[in-house]
Structure formats: structure tokens, C-alpha cells
Amino acid sequence: MAYSSGGRLPGESASKLGHLSVIKSDWVKSLVAEFEQASPQEIDHTNTIWEKFNPEGVTPLRNVWAVDGSYVAIQSEQKPPREVAFVKTALLTVDRARLEAIDKEHPHPLLLQDVLTGSAIFHATVFPLKNIQTQLGNNYEAVRNIVKDSIRIDENGAFYETLKWLAYRKWQRDQVSTSPGFECPHCHANIGQGLPHDADEGQCPACGKLVFLTDMIGFHLDMDEESAPDSVASAYMLVMETLMLFTAVRVLWNHSDKSLVSETLFIKDGPLTLRSQYSKLVPSIRVFLEYARNSGRPVHIIGQEKSGAFFDHLASVARFAAPLERDQPASVAVLSHDFVRREVHRSPDLANPYGKRTNWGEKVYFKMDPGTYLVLNVPTGEYLDDVSKPTKDDLIGLSRVLATLPSLISHKFEGALFPVELANGIASMSSYPSASILQRFLNDQNHSS
Ligand SMILES: [Zn+2]
């Protein structure tokens, strides 16, 4: 990045590097040569395997739900600065037929309002990060309680019900499940058996203190007693995006019209991943998606990655794939675990199967027209523990998903999906109170305490 902004010629950088004795290393020489190489690649050295996608006879999905979120950390001016984080997430639904009537480059505000009326909900909360404390307890306790209350308060507890639905696998009519196991926030003992079916709270068997179902998610593992890092806010955003999207899935799954859930495309901005301790919900999500598919009611979910290793890799190889001209058929590439390890991450870490613990979607590239390509995540249901997997047929409803996407493409941002753009508008920073007002709020708190 410094290279393009600095605007220096490669020769200049190389001549500076030439003074360093390290340039004698063959490895360094080769690196410098690679950096200087002016001619673009002529072939895809990673051999991405593309297939033609033919949408003929495939019915696009009728409805779309999209979720997105954002967070911002704000510091007060006094020393040491007080710091809080605001998190906001939004979920909205659009009718694809009504959406198609809208000019996606210059949407008419009234038409847009019509599409969105009554169809968007948002959720927001605030966390103490540093040098600020409530009267009720330390920040460790504050974050635990804010998480519990925030998830339960909005939409009459619908998001919390979804947490319980996933944690206790409540789609299963014939059996009851306990929650995933978790670490006690008080004594750090492992509560391996989890909480009993449908419980909101329980007692730690080791220390006897009260634990909440929301402790199972694991925010306390990111914190110490007095301060929380930004990562609590980013993790909360991810968890809430997932819970809000699955609230839409859950409501449609239980709808009297049994076909409705399978006629819907659910879109999450970003990868279908829950990292580190937050991955405890991944097995439940996988089991549900597998169950839905086996019940003949497949759930079509995608994540879209707009940055990161896969986006960069696709950006470097997309020009070699069809379509090279308009009106040629689209192409799709389903990435096997082996390909991801070898060509994208370039780390043959064979000890752990790729993405098994944290991912609930597999990686797919889709090139729709010469200038439009997307990195998608598409679930398979249960994890396929095989380096040559997944293949096209393993991905839930891939053809119907791909047949739906062309009508959702935004013309404002390259490769963006219009419903995600709309959700982003609701969840973005611009709809927060301005930073200066928040800062004044923090400073006022200081004077009154
Ligand atoms: Zn305990």
C-alpha cells in the first residue's frame, strides 16, 4: 500500500535496498526481483478450477434477508481517557420483485422507503472498555450483565429466543439437549455439561455462583477485571449478526407455510465464521442446516467477504476466468480445503482440518460478468472432513443462490449486494450520535461522579 501511495518507482526502492548487505541473500534478491517485476501475470498460477454456471431452469429465491453491523470505540478527552464502545447491528428484508423495480444506481427515495417500510430492525448497545465503571460493579460484571440484558431486551426477546433455539437445538422435537459446555466466569472451572435444557441461568457446580446462558458465549474470556479490549465489541457484533440472521431463519422455519424458509436467501456481510471461544455455536448451526436439508427444507445462507485473503486471491485471478465479455455465461469456483491451504493461505497446517471448528460456510468464487466477482461463503451442513471437499453438490442450494444474485447486484459499489448495502446504511456509524456528543456525554459523567 505504501508503494502505490508513495508513487516511487520500483527502481528507486531497489537502489535504496541495494545499500543493505542483506541484499546478498539469494532469498532477498529473489524477493526484490519479484517486487520489481513489472509485467502482470499471464496465467493463474494457483490453477483455480472454474466451472460454467448455467442458470437455465433454476428458480431464483423469492425473498431476501440481510444482516450487517458496525462498532466504534470512543474516548473522552480527560486523562486517563475513559473509553466505551457502541455496537449496532441491523437486519432487513426485501422483496426481490419489488427490489428489481428500483434503479440500484440512483434509487428513488420514495420507492426505497416503500421497500424498507416496516422491514428493518436494528439493535444497539454500549460497553465500558477502559477507565470507566458503573456504580453496580466492575467492568467484568458490567459486560456480562450488559450482554445478558442487551440480547434479551430488543424485539421482546426474539434474539435471545434464537440463542436458546441454537444452544438447546430446539428444532429437535424428539429429544432435549443441554447447552454447549463453557468456563465459569467466577471460578473458571469448566462447566462441561452446560446448562440443563431451556435454562436461562444456573449454578456453577464448582463455586455455586450464578451463571447465565449468555456466559456460555464467552465474552468474559476476552476480559480482565477492569478493562475490556475492542475485541469484545467486535465479537458482540458478530454474535448479534449471527443471532439476528438466525432469528429470521427460526421465524420462517416455524411458519405455517413450510416452503417459505427455502424460498428465501439469507445474507450475512462477512464470512460465516465464529472465531475462538465464540465458535461454541458452530456445531449447533451445522446440525440445524444438515437437519433442514435432510428434511427437504434447505436453508439458503451466504456470507460475502469483501476483504481478506480470499478477496485478494480472487482479485488476482478473476481476470483469467470466464466471462471475459458481457453476455457470456458466469463461472463459479468451489474451493476445496486442500486448495485453500495450498493456494490461498499457503500454510499446509495439516494437524487441524481446515475451518472445522470455526467456519460454518465453505469458500466459493463467483464471477458474474467481466467486472463483477464475489467471494461467497456457503454452508454444507455437517463438516466434510476430506481435503478434496467440498464440491459443488455439497453446498446447500448453490444453484438457486447463484441464480438469485444477479438481480441483487448494486451498481454503486463494485461487487456489492444491494440488500447488504441497505443493511449497512442502517447499521453504519453515520446513524450513531456524533462522536462529539458521545464525548461530551463521557466528560459530563466525569464531572458528576
Ligand atoms: Zn464457578
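Residues numbered from 1 in each chain as written. Predicted model: local features only at pLDDT ≥ 70, side-chain atom pairs only at ≥ 80, totals over all residues. Heavy atoms only, no water.

Visitor: Would you mind showing me how to read the sheet that holds strand β9 (residues 264-269) here?
Guide: In any sheet, the strands associate via hydrogen bonds between backbone groups, in a parallel or an antiparallel arrangement. Strand order in the open sheet formed by nine strands is β1-β11-β12-β13-β10-β9-β2-β3-β4, with mixed pairing between adjacent strands. Each end of this open sheet is capped by a strand with a single partner; those strands are β1 (51-53) and β4 (120-130). Taking each pair of neighbouring strands and ignoring which way they run, the sheet shows an average axis angle of 25°. With 13 bridges joining them, strand β2 (residues 63-75) and strand β3 (residues 83-95) adopt antiparallel strand pairing. (Pairing = 2+ DSSP bridges. Helix = DSSP H or I, 4+ residues; strand = E, 2+ residues; numbered from the N terminus. Axes fitted to C-alpha atoms, helices over the stretch in contact; angles between N-to-C directions.)

Visitor: Before we go on, may I ask you to explain the coordination of the zinc ion in this structure?
Guide: Around a metal, the ideal angle is 109.5 degrees if four donors adopt a tetrahedral arrangement and 90 or 180 degrees if six donors adopt an octahedral arrangement. Only Cys 184 (SG), Cys 187 (SG), Cys 204 (SG) and Cys 207 (SG) from the protein reach the zinc ion as donors, at distances of 2.3 Å. One can describe the donor arrangement at the zinc ion as tetrahedral, given that its four donor atoms subtend angles of 104 to 115° at the metal. For Cys 204, a relative accessible area of 2% puts it in the buried group. Given a relative accessible area of 30%, Cys 207 falls into the partly exposed group. (Donors = N, O, S within 2.8 Å, 3.2 Å for Na, K, Ca; no water. Tetrahedral: all angles 85-135°; square planar, octahedral: opposite > 155°, others 65-115°. Buried < 20%, exposed > 50% of the residue type's maximum accessible area, 1.4 Å probe, protein only.)

Visitor: Would you explain unusual backbone geometry in this entry?
Guide: Across residues other than glycine, the phi torsion is negative in most instances, and most of the peptide bonds are trans. With an omega dihedral of -10°, the bond running from Lys 79 to Pro 80 counts as a cis peptide bond. With respect to the helices, strands and loops of the structure, Pro 80 is situated in the loop between β2 and β3. Residue Pro 390 is reached from Lys 389 by a cis peptide bond, and omega for that bond is -5°. Along the chain, Pro 390 falls in the loop between β13 (372-378) and α12 (398-404). At His 188, a position not held by glycine, the phi torsion is positive, near 65°. Note that His 188 resides in the loop between β5 (182-183) and β6 (190-191). With a phi close to 75°, Asp 198 is a non-glycine residue in the positive phi region. Relative to the elements of secondary structure, Asp 198 occurs in the loop between β6 and β7 (201-203).

Visitor: What is the right way to look at helix α13 (residues 418-427) in this model?
Guide: Along an α-helix, residues three or four apart share an orientation, since each turn contains 3.6 residues. Among the 10 residues that make up α13, seven are buried, leaving the element largely enclosed by the rest of the structure. Taken as a whole, α13 has its buried residues at Phe 418, Pro 419, Val 420, Glu 421, Leu 422, Ala 423 and Ala 427.

Visitor: Would you mind going over the packing of aromatic side chains with me for this structure?
Guide: The geometry of an aromatic ring pair is captured by two quantities: the separation of the ring centres and the angle between the planes. Tallied over the full model, the rule gives 11 aromatic pairs. Geometrically, the ring pair formed by Phe 53 and Phe 366 is edge-to-face, given 6.0 Å between the ring centres and 85° between the ring planes. You can see Phe 53 sitting in strand β1 and its partner Phe 366 sitting in strand β12 (residues 362-369), a full 313 residues away along the chain. This pair shows no difference in class: Phe 53 is buried, exactly as Phe 366 is. Judged by centre distance (5.0 Å) and plane angle (75°), the ring pair of Phe 127 and Tyr 236 falls under edge-to-face. Of this pair, Phe 127 sits in strand β4 while Tyr 236 sits in helix α8 (residues 230-253); the two residues are 109 residues apart in sequence, bridging distant segments of the chain. (Phe/Tyr/Trp six-rings, centres within 6.5 Å; stacked < 30°, edge-to-face > 60°.)

Visitor: How should I be thinking about the packing of helix α10 (residues 309-317) against helix α11 (residues 337-344) in this particular structure?
Guide: Packed helices, taken two at a time, are described by the angle their axes make and the gap between the axes. At a minimum axis separation of 11 Å, α10 and α11 run at an interaxial angle of 80°. It follows that α10 is roughly perpendicular to α11 by the angle criterion. Here Ala 309, Phe 310 and His 313 of α10 lie close against α11, whose contacting residues are Phe 339, Val 340, Glu 343 and Val 344. Tallied by class, the residues present in the contact of α10 with α11 amount to five nonpolar, one polar and one charged. (Parallel < 35°, antiparallel > 145°, perpendicular 65-115°, else oblique. Contact = heavy atoms within 4.5 Å. Nonpolar A, V, L, I, M, F, W, Y, C, P; charged D, E, K, R; others polar.)

Visitor: Explanation requested: the pattern of salt bridges in the structure shown.
Guide: Side chains bearing opposite charge may pair, as long as their charged atoms lie close to each other. Summed over all chains, the structure comprises 20 salt bridges. The closest approach of N and O atoms between Arg 400 and Glu 263, which form a salt bridge, is 2.8 Å. Of this pair, Arg 400 sits in helix α12 while Glu 263 sits in the loop between α8 and β9, and the two are 137 residues apart along the sequence. Of the two residues, Arg 400 and Glu 263, both sit in the buried class. The partner of Asp 338 in a salt bridge is Arg 342, with the nearest N and O atoms 3.1 Å apart. Note that Asp 338 and Arg 342 are positioned in helix α11 at a spacing of four residues, about one turn of the helix. Residue Asp 338 is classed as partly exposed on the basis of its relative accessible area, which comes to 31%. Each of Arg 152, Glu 161, Lys 164, Lys 170, Asp 198 and Asp 200 takes part in a single network of salt bridges with overlapping partners. (Salt bridge = Lys/Arg side-chain N within 4 Å of Asp/Glu carboxyl O.)

Bear in mind that shape data such as this cannot, by itself, settle questions of function.
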